[in-house]
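Architecture and fold: a report
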Amino acid sequence: MSPVFPMLTVLTMFYYMCLRRRARTATRGEIMNSHRTVESNSRTSPLNAEVVQYAKEVVDFSSHYGSENSMSYTMWNLAGVPNVFPSSGDFTQTAVFRTYGTWWDQCPSAPVPFKRTPANFQSQDYVELAFEQQVYPTAVHVLETYHPGAVIRILACSANPYSPGPPAEVRWETLWSEKPTKVNASQARQFKPCIKQINFPTNLIRLEINSSLLDYYTELDAVVLHGMKDKPMLSLKTSLIDMNDLEDDDYEEKDDCEIDNLNKKFSSTALREGPSNGYFDRLPYELIQLILNHLTLPDLCRLAQTCKLLNQHCCDPLQYIHLNLQPYWAKLNDTSLEFLQARCTLVQWLNLSWTGNRGFISVAGFSRFLKVCGSELVRLELSCSHFLNETCLEIISEMCPNLQDLNLSSCDKLPPQAFSHIAKLCGLKRLVLYRTKVEQTALLSILNFCSDLQHLSLGSCVMIEDYDVTASMIGAKCKKLRTLDLWRCKNITESGIAELASGCPLLEELDLGWCPTLQSSTGCFARLARQLPNLQKLFLTANRSVCDTDIEELACNCTRLRQLDILGTRMVSPASLRKLLESCKDLSLLDVSFCSQIDNRAVLELSASFPKVFIKKSFTQ
């Protein structure tokens with residue numbers, strides 16, 4: 001071959017590379033010019049005017065301070081225009097969640113947290129809001145009127161809650177998120193986080209809450225959604241294109257470890273034959289398993305792709321004895337559960353809270369999973385899992401004979417008749433029915449057969465007709481009971497309290513907040529103090545009849561008391577509180593908000609004398 005031909009080949013290749021480089025440069029310039037044009041048009045064009053709207057409806061939420069039968073302190077106050085903003089303080093017309101701070105995590109009723117929870121998932125509560133029009137969001141403003149700083153995540157959903165038919169696809173996209181931060185001021189503010197653009201219109205916004213750093217309850221007044229009806233072009237400031245990517249021949253595929261891709265991540269067929277595993281071949285199997293116990297589920301997904309040895313370890317059922325799927329609620333579906341089945345045959349703790357809503361998990365998918373993985377289950381968390389129906393509870397009662405811990409908090413769509421199946425779970429030690437429609441007949445059956453109960457939550461259960469009968473059954477059957485939540489039970493009287501106190505002497509925590517039918521003049525609170533010496537937490541919130549005699553009985557008999565809430569009483573003096581604080585050396589939380597005899601001066605004096613006690617005094621501007 002003539003030497004000219006290799007030279008021509010080299011020149012041709014060089015010329016081709018120059019043309020390609022020039023094409024890339026031109027493309028880069030065209031993109032920049034296009035962005036400038038779009039950015040300019042977005043400022044001047046009136047055709048795509050911004051839509052500003054308040055929430056039309058509260059679709060779903062995990063908890064609230066208020067009652068199911070009123071508007072005071074309920075999540076429903078987030079619908080519509082502001083009620084009190086820009087005023088600051090404690091107002092009944094705002095939305096308030098059930099807890100704040102770390103106090104509830106320090107109670108005897110606090111469950112042991114799940115391991116392997118991703119560090120970036122710190123949400124404790126949520127509320128979902130529907131708006132009139134679907135828009136491409138440009139801003140979300142949250143009007144906070146008291147102790148702001150609890151919102152840590154804002155999401156948008158592609159599904160239209162007002163659509164007549166089921167959506168073909170449901171996508172959740174995070175608009176903004178941040179770790180919990182301490183906001184020192186308790187004054188009202190308009191929270192305006194900088195959100196990212198998304199490529200679908202939405203009229204369903206979700207706020208996720210973490211109140212652990214708050215000094216008191218956060219109060220939200222309204223949420224404002226700003227957006228465009230037509231899809232806006234990306235500006236330079238929000239461009240999703242990295243200019244450096246244009247220099248590469250191929251775009252590197254991102255490592256998507258979402259929960260719906262578990263089958264791809266764990267697939268052993270995707271692993272190629274490779275060299276030896278080095279020192280991993282010499283490590284004991286148990287040691288590798290111990291190391292992997294510190295990884296989150298997505299990390300296990302990634303590690304399973306590295307080699308066959310680690311794939312085997314990552315698929316071992318021993319890695320799934322405690323499985324927390326709540327952080328992946330936005331992606332978890334029937335396919336995910338089906339793929340996890342083979343790995344979860346030994347699962348003992350399972351958290352499916354917040355999952356499966358809007359058709360993500362079907363009754364059939366949940367049932368198939370429990371039939372394979374339910375035999376060893378000891379703990380099952382299903383808070384706010386609205387896919388549940390009577391069939392699901394029947395499957396739980398049949399497939400989970402060893403279950404000791406069941407949480408159905410805020411499963412308010414479960415029909416009343418479904419709860420009768422819980423009575424078959426005779427080994428239950430913890431049962432949470434907060435904000436459910438359990439009725440008295442089913443509850444009495446549960447109490448009769450589940451005599452080993454130690455923790456029971458019946459807060460805001462509005463379908464229970466007679467709480468005195470319920471309390472009498474608790475006292476007769478649940479001798480091991482340690483914690484009881486009767487928050488906002490509507491009709492318990494001194495008769496029920498007497499049965500409860502005499503039958504459950506081991507009680508360490510009792511919540512009787514907002515129980516209007518209890519009267520101190522009957523001696524019910526004094527009887528509680530004398531018969532329950534192990535009390536560590538007692539909430540008598542909003543009971544105006546609590547008096548000095550009750551406080552003095554607590555001081556004499558309940559020296560282990562750690563938390564006391566007497567918000568709203570008119571009959572307690574600073575002198576009796578001082579006796580209480582002197583006797584109860586472990587007391588750390590005392591709420592005297594709206595106590596007419598306890599003014600700010602008294603709070604300051606008591607705080608100075610007992611600096612280790614957090615004395616809460618709310619205010620209204």
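Look a little higher up for the structure.
Residues numbered from 1 in each chain as written. Predicted model: local features only at pLDDT ≥ 70, side-chain atom pairs only at ≥ 80, totals over all residues. Heavy atoms only, no water.

1. So, unusual backbone geometry
Of the consecutive residues phenylalanine 85 and proline 86, the connecting peptide bond is found in the cis state with omega at 15°. If you trace the backbone, proline 86 turns up in the loop between β2 (57-61) and β3 (95-96). Of note, tryptophan 354 is a non-glycine position whose phi angle comes to about 70°, a positive value. Note on placement: tryptophan 354 falls in the loop between β11 (349-351) and α7 (363-373). Residue tryptophan 354 is classed as buried on the basis of its relative accessible area of 4%. For tryptophan 514, which is not glycine, the phi dihedral falls at a positive 60°. With respect to the helices and strands, the residue tryptophan 514 is situated in the loop between β17 (509-511) and α12 (524-531). (Helix = DSSP H or I, 4+ residues; strand = E, 2+ residues; numbered from the N terminus. Buried < 20%, exposed > 50% of the residue type's maximum accessible area, 1.4 Å probe, protein only.)

2. Quick notes on helix α3 (residues 285-292)
Helical periodicity: at 3.6 residues per turn, an α-helix aligns residues three or four positions apart in one direction. Among all positions in α3, only Ile288, Gln289 and Leu292 are buried. Down the axis of α3, the smallest arc covering the buried residues is 100°, so these residues share one side. Those residues of α3 that are buried lie in contact with α4 (297-303) and α5 (308-314). (Arc of directions from axis to C-beta. Contact = heavy atoms within 4.5 Å.)

3. Comments concerning the environment of leucine 318
Structurally, leucine 318 can be placed in the loop between α5 and β10 (322-324). Considered as a pair, leucine 318 and leucine 346 are 28 residues apart in the sequence and their alpha carbons are 6.8 Å apart. In this structure leucine 318 touches Gln289 and Leu346, once residues within four positions along its chain are discounted.

4. Considering the sheet that holds strand β15 (residues 455-457)
Note: strands within a sheet are paired through backbone hydrogen bonds, in either parallel or antiparallel orientation. Overall, parallel pairing links the 12 strands, which are arranged β10-β11-β12-β13-β14-β15-β16-β17-β18-β19-β20-β21 in an open sheet. Two strands lie at the open edges of the sheet, namely β10 and β21 (614-616), each paired on one side alone. If you compare each strand with its neighbour and ignore which way they point, the axes differ by 5° on average. Inspection of the sheet shows β17 paired to strand β18 (residues 537-539) by 3 bridges, in the parallel sense. In the sheet register, glutamate 509 faces β18, and the bridge partner there is lysine 537. (Pairing = 2+ DSSP bridges. Axes fitted to C-alpha atoms, helices over the stretch in contact; angles between N-to-C directions.)

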